[in-house]
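So you can see what is in the structure, the chains are spelled out below.
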Amino acid sequence: MGAWRARLRRTAHAASRPEPWKRGLVLTVLSLLLGLFMLLHARIPNRIGNLGSLVETFLPWFGVFIPVLLAGALWRRSASAVTALLLPVLVWLNLFGGLLGDKSHPGGDLTVAEHNVGAGNSDPADTAHALAASGADVLALVELTEKARGTYEKALGKAYRYHTVRGTVGLWSKLPLSETRQFDIQTDYGPLAATKPADVRLTYARALRATVATGRGPLAVYVAHLGSARVNPRVGFWTDTRDRNARALGKAVAAERNERVVLLGDLNGTTDDRAFDSISSRMRSAQDVAGDGFGFSWPATFPMVRIDQIMVRGVTPESSWVLPATHSDHLPVAARISW
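The rules behind each value
Residues numbered from 1 in each chain as written. Predicted model: local features only at pLDDT ≥ 70, side-chain atom pairs only at ≥ 80, totals over all residues. Heavy atoms only, no water. Helix = DSSP H or I, 4+ residues; strand = E, 2+ residues; numbered from the N terminus. Buried < 20%, exposed > 50% of the residue type's maximum accessible area, 1.4 Å probe, protein only. Contact = heavy atoms within 4.5 Å. Areas by Shrake-Rupley, 256 points an atom, 1.4 Å probe, with all protein chains shown as cover. Pairing = 2+ DSSP bridges. Axes fitted to C-alpha atoms, helices over the stretch in contact; angles between N-to-C directions. Expected span 1.5 Å × (residues − 1). Arc of directions from axis to C-beta. Parallel < 35°, antiparallel > 145°, perpendicular 65-115°, else oblique. Left-handed = near helix turned anticlockwise from the far one by under 90°. Nonpolar A, V, L, I, M, F, W, Y, C, P; charged D, E, K, R; others polar. Salt bridge = Lys/Arg side-chain N within 4 Å of Asp/Glu carboxyl O.

Draft legend 1. Main features of the overall build of the chain. Each helix and strand in the chain was counted, giving twelve helices and 14 strands. For the chain, buried positions account for 47% of its 339 residues. At a minimum sequence separation of 6, the contacts of the chain that also span at least 24 residues come to 71%. If you sum the accessible surface of the chain, you get close to 17,000 Å²; carbon and sulfur atoms cover 60% of it.

Listed below in structure tokens is the structure:
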């Protein structure tokens, strides 16, 4: 009788213990939510605090939660949580798996580079020498200050015969430039903007367009520095100026008649952000097509996002990379293109 009771107690105890498929319910739910969150990121509305754009800016980093949840699932010995993790893993790989390898190819006809040199740059001359040593044929600089402009012009003059500056953006080239002009990305916006004197409007210039004469024909080059994005506790992810600039830039690129176009700039956002649909729908990111890894460019001390972009239309990116740090809070970016 005693043996029978002991056997019954052991059976009841075993039945009351959670099996591998019953353990880790919270981890299972969190894994599924993470996968759905990344899968449906385009459905996250911007109505509240511009949340959708904020998520898309840092979307690759949501993959960091996967090993954390996996560790929890293994610790709990939860088969359901491990299985549920397949959803976020597959979604993340579908979104960013292509960026994990090196897609660069040898060769190319032209090297282009872009750098936000930083208004607070402590050594513009050293920054200019480092950029010239990169070997770029066409070099775009943004966030130029009136004080530092002469330093860049002097330091880059030997390597680059041609250059143009409009407001706070400039383009240096080893090849002839023509049709250089400032174009309006609505940085100074409102009913009084057009009434301001030309010299005042020039201080708001953050975009230019030029034609580079290459051995393979003319290449239209756009240089732009879009408005900043800020996280504000009251309004959330504030991007009003940037988004307005992006729409204006998208219209300019759409109206460009030259079939070969390169965009070099600090867009203050990633190409995953829906705010750049008018640009990314017409142009390809050189890093996405021919880069090695994510190519994060900001902040320079610990890069977390790629907001410095090289985008192309009508030409083929062969390679794309991030250059060594200068005295700016951004890293320079470069690409080799062919056609």
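Draft legend 2. Spotlight on the sheet that holds strand S14 (residues 333-338). In space, the six strands of this open sheet follow the order S3-S4-S2-S1-S14-S13, with mixed pairing throughout. Of all strands in the sheet, those with a lone pairing partner are strand S3 (162-166) and strand S13 (316-322), marking the two edges. Adjacent strand axes in the sheet meet at a mean angle of 15°, parallel and antiparallel pairs treated alike. Where strand S1 (residues 110-116) lies against strand S2 (residues 138-142), five bridges are found, and the strand directions are parallel. What sits directly across from His115, in S2, is Leu141.

Draft legend 3. Summary view of helix H2 (residues 25-39). Its 15 residues place the ends of H2 21 Å apart at the C-alpha level, agreeing with the 21 Å of an ideal helix rising 1.5 Å per residue. Along H2, the positions that sit buried rather than exposed are Leu27, Thr28, Ser31, Leu34, Gly35 and Met38. Down the axis of H2, the buried set is contained in an arc of 125°. They therefore lie on one face. Of the exposed residues in H2, those oriented more than 90 degrees away from the buried face are Leu25, Val26 and Leu33. In this structure, the buried residues of H2 make contact with helix H4 (65-76), helix H5 (79-84) and helix H6 (86-96).

Draft legend 4. Summary view of the packing of H2 against H6. Relative orientation of the contacting elements H2 and H6 amounts to 25°, with a least axis distance of 7 Å. The orientation of H2 with respect to H6, classified from their angle, is roughly parallel. The chirality of how H2 crosses H6 is left-handed. Across the interface between the two elements, Ser31, Leu32, Leu34, Gly35, Leu36, Met38 and Leu39 of H2 pack against Leu87, Pro88, Val91, Trp92 and Leu95 of H6. Residues of the contact of H2 with H6, tallied by class, amount to ten nonpolar, two polar and no charged.

Draft legend 5. Fine view of the pattern of salt bridges. Inspection of the entire model under this criterion finds nine salt bridges. Sharing partners across several salt bridges, the network here consists of Glu179, Arg209 and Glu256.

Draft legend 6. Broad picture of the environment of Leu141. Among the structural elements, Leu141 can be located in strand S2. For the pair formed by Leu141 and Val117, sequence separation is 24 residues and the distance between their alpha carbons is 6.5 Å. Excluding residues that lie within four positions of it along the chain, Leu141 makes contacts with His115, Val117, Leu131, Tyr152, Leu156, Thr168, Val169, Gly170, Trp172 and Val223.

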